[in-house]
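Topology and contacts: notes
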Amino acid sequence: MSTLYERLGGAPAVDAAVDIFYRKVLADDRINGFFDSVDMEKQAAKQKAFLTMVFGGPNAYSGKDMREGHRRLVARGLSDVHVDAVIELLGATLKELGVRDEDIAEVAALANSTRDDVLDR
Amino acid sequence: MASLTFDDRPVPIAPNQDVLSALLAAGVDAPHSCRAGICQSCLSRAEGEIPEEAQRGLSNAQKEQGYFLPCVCVPKGPLKVLRAGTSLEATEVGVCAVDRLAPTVVRLRMEPCAPFAYRPGQFLSLETPDGCVRSYSIASHPEEEAFVELHIRLLPNGRMGQFISERLSVGDRLAVRGPFGTCYYDEADRDRPLVLVGAGTGLAPLWGILRDALSRGHRGPIRLYHGARERSGLYLSEELAALAREREGFSYIPCVLGSLGPADGDVGKAVLEGEPQPDAASYFLCGGGDLVNRVKRALFLRGAHLPRLRADIFLPAS
């Protein structure tokens, strides 16, 4: 029985997904305001770590880091609607890459499990 | 036998232990996050033999300069980790020419008194005898020229500009530190279109990178866009136009807002309109932060690959 990460294609799949996902995030007016002034390389590396985690890949996910990393954005109004938008764009990215619906649901569930940490509650 | 030092201090490391955990155990406040070699939060620089897996995902330029990811680095031999921002030894230079390239741009040529190795497009910091320090991109080419050349924009009340245009003479001694930065030509891009975009003295690194690409046998087309506020700011335009006539595959696109060039002279727009296939090309974007960030983001959204979007932002001194 293969793991989610293996089914999705491992590290090369993360590499393929990160550009598509990041483009969708930057192009989406619901959330791109939070990304206006960030260093694009650093942001892409963070998104890669996030995608690896929600793909079920090797990670050292820390709720504490996630809270600290987003606290400034929460103060600027980051809320459930923005998390929903990110999960939606994640699904659209995977769809574009031809991932099965069952696996997309599993990735979305993993992403959703970070919600309370991201929103610091 | 693995051994580790940080900032010249020995740090204990166990067999099969990674560098990040050894540094943290020794009380070094090393930034980190994913601990899986992905997020690059712990990116550091070292001298010594760096295992291949500790450089996965880094650019060739970063690899050459000893950058690595401590969280996935299990050293096999001695490794010297450098403290971030370690200041390099200063190199003394003698001024060999100071002249105007444009009404607000001075060209400064200096001969290093000791070997000073660099790649065209990197930058250095220049220090005056009274302690004023500013960073400038290097415009010269080390194999073609014995001098190190900088293009210095004169700003109203700019300390360095005033010093250079009013007090500096040929023969004077200055100090430089560097080189710094990873904004230079990568031979892996040899067959790609190379798009060089500079505003104002953002042309300085491009002048070096362009000649570096040509001397290293670049085979793809090269397009250089130079934006200036006034026509007189289009310095080196004769040299660039001559090169464009001589070298097949090289185009020079000067832009002056409202009066010259495509897209009514808006260099950012000219690039976006002039590059129909952003995903194929490799870019160097140099100049003020507004322009560089705007063009970089727009090119990425149109399909350009982030590691091939190299940017150098010129910040005014605070």
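Residues numbered from 1 in each chain as written. Chains lettered and ligands numbered in written order. Predicted model: local features only at pLDDT ≥ 70, side-chain atom pairs only at ≥ 80, totals over all residues.

Describing the packing of helix 6 (residues 267–274) of chain B against helix 7 (residues 289–301) of chain B
Residues and elements named next belong to chain B. Stated precisely, the cut-off is as follows: Lines fitted to the C-alpha atoms define the axes, with helices restricted to the stretch that makes contact. Angles between their N-to-C directions range from 0 to 180 degrees. The way it works is that DSSP assigns letters per residue, a run of H or I at least four long becomes a helix, a run of E at least two long becomes a strand, and they are numbered from the N terminus. Orientation labels follow simple angle bins: below 35 degrees gives roughly parallel, above 145 gives roughly antiparallel, 65 to 115 gives roughly perpendicular, and whatever is left gives oblique. The sense of a crossing depends on the near helix, which, turned anticlockwise from the far helix by less than a right angle, makes the crossing left-handed and, turned clockwise, makes it right-handed. We call two residues in contact if the C-beta atoms placed from their backbones are at most 7 Å apart. For this classification, the nonpolar set comprises Ala, Val, Leu, Ile, Met, Phe, Trp, Tyr, Cys and Pro, the charged set comprises Asp, Glu, Lys and Arg, and every other residue, Gly included, is treated as polar.
Closest axis-to-axis distance for the helix 6/helix 7 pair is 10 Å, and the angle between their directions is 15°. Classed by the angle they form, the pair helix 6 and helix 7 counts as roughly parallel. Considering only the axes of helix 6 and helix 7, their crossing is right-handed. On helix 7, the residues touching Gly268, Val271 and Leu272 of helix 6 are Leu291, Arg294, Val295 and Ala298. Classifying every residue of the contact of helix 6 with helix 7 gives 5 nonpolar, 1 polar and 1 charged.

So, the interface of chain B and chain A
With 12 residues of chain B at the interface, the matching set in chain A holds 16 residues. Grouping the amino acids of the side of chain B that touches chain A by side-chain chemistry returns 7 nonpolar, 2 polar and 3 charged.

Observations concerning the confidence of the model for chain B
Low pLDDT marks stretches whose predicted atomic positions should not be read closely. Heads up, the condition is: Confidence of the predictor in every single residue is expressed as pLDDT, which spans 0 to 100.
Mean pLDDT over chain B stands at 91; residues scoring 70 or higher make up 98%. Among the scores for the predicted complex, ipTM is 0.84 and pTM is 0.82.

Quick word on the sheet that holds strand 13 (residues 222–228) of chain B
All names here are of chain B. Test applied: Only strands joined by at least two bridges in the DSSP assignment are considered to pair.
Ordered in space as 14-13-12-15-16, the 5 strands form an open sheet in which the pairing is parallel. Here the strands that pair on one side only, and so sit at the sheet edges, are strand 14 (250–256) and strand 16 (309–314). Taken pair by pair, the neighbouring strands of this sheet meet at an average axis angle of 10°, ignoring direction. Judged from the 7 bridges that link them, strand 13 and strand 14 form a sheet pairing that is parallel. Looking across to strand 14, one finds that Arg223 is bridged to Ser251. Here helix 4 (residues 203–215) sits on the sheet and contacts strand 12 (194–199), strand 13, strand 15 (282–288) and strand 16; the angle it forms with strand 12, its principal contact strand, is near 160°. Sitting on the sheet, helix 5 (residues 237–246) touches strand 13 and strand 14, and the angle it makes with strand 14 is about 145°.

Remarks on the nonpolar core
For the record, the criterion: Put simply, a nonpolar core is a cluster of buried Ala, Val, Leu, Ile, Met, Phe, Trp, Tyr and Cys residues tied together by C-beta atoms within 7 Å. Residue burial here comes from a neighbour count, namely the number of other C-beta atoms, placed from the backbone, that lie within 10 Å of the residue's own C-beta, with 20 or more meaning buried, 12 or fewer meaning exposed, and in between meaning partly exposed. Domains are outlined according to an automatic or database domain assignment.
Counting 62 residues, the largest nonpolar core has Leu196, Val197, Leu206, Leu224, Tyr283 and Phe284 of chain B as its most contacted members. Sorting elements by how many residues they give to this core places helix 4 of chain B first, with 7 residues. Of the residues that make up this core, three or more belong to each of domain 2 (91–180) and domain 3 (187–314) of chain B. Discounting chain neighbours no more than four positions away, the residues touching Tyr283 of chain B are Val195, Val197, Leu299, Ala304, Arg308, Leu309 and Arg310 of chain B. Ranked by size, the runner-up nonpolar core spans 26 residues in total, among them Phe21, Leu90 and Val107 of chain A together with Ile38 of chain B.

What to know about unusual backbone geometry
Residue and element names in this part refer to chain B. Residue Pro179 is reached from Gly178 by a cis peptide bond, and omega for that bond is 0°. Of note, Pro179 is situated in strand 11 (residues 173–180). If you check the backbone angles, Asn157 has positive phi at about 65° while not being a glycine. Mapped onto the elements, Asn157 comes out in the loop between strand 10 (148–153) and helix 3 (159–167). Positive phi, close to 60°, is recorded for Leu236, a residue that is not glycine. Here Leu236 lies in the loop between strand 13 and helix 5.

Observations regarding the environment of Leu79 of chain B
Residues and elements named next belong to chain B. Turning to its location among the elements, Leu79 is positioned in strand 5 (residues 78–82). Distance from Leu79 to Arg247, taken between C-alpha atoms, is 45 Å for residues 168 residues apart in sequence. Those residues in contact with Leu79, other than ones at most four positions away along the chain, are Leu4, Val19, Ala46 and Gly48.

Regarding the sheet that holds strand 9 (residues 133–137) of chain B
Residues and elements named next belong to chain B. Spatially, the 6 strands line up as an open sheet ordered 9-8-11-6-7-10, and their pairing is antiparallel. The sheet is open, and its two edges are formed by strand 9 and strand 10, each paired on a single side. Along the sheet, successive strands turn relative to each other by an average axial angle of 40°, direction set aside. By the bridge criterion, 4 bridges tie strand 8 (residues 123–127) to strand 11 in an arrangement that is antiparallel. Considered in strand 11, the bridge of Glu127 is made with Ala175.

Quick look at the domain arrangement of chain B
On domain assignment, one finds that chain B holds domain 1 (3–82), domain 2 (91–180) and domain 3 (187–314). One C-alpha centre belongs to domain 1 of chain B, the other to domain 2 of chain B, and the line joining them spans 34 Å.

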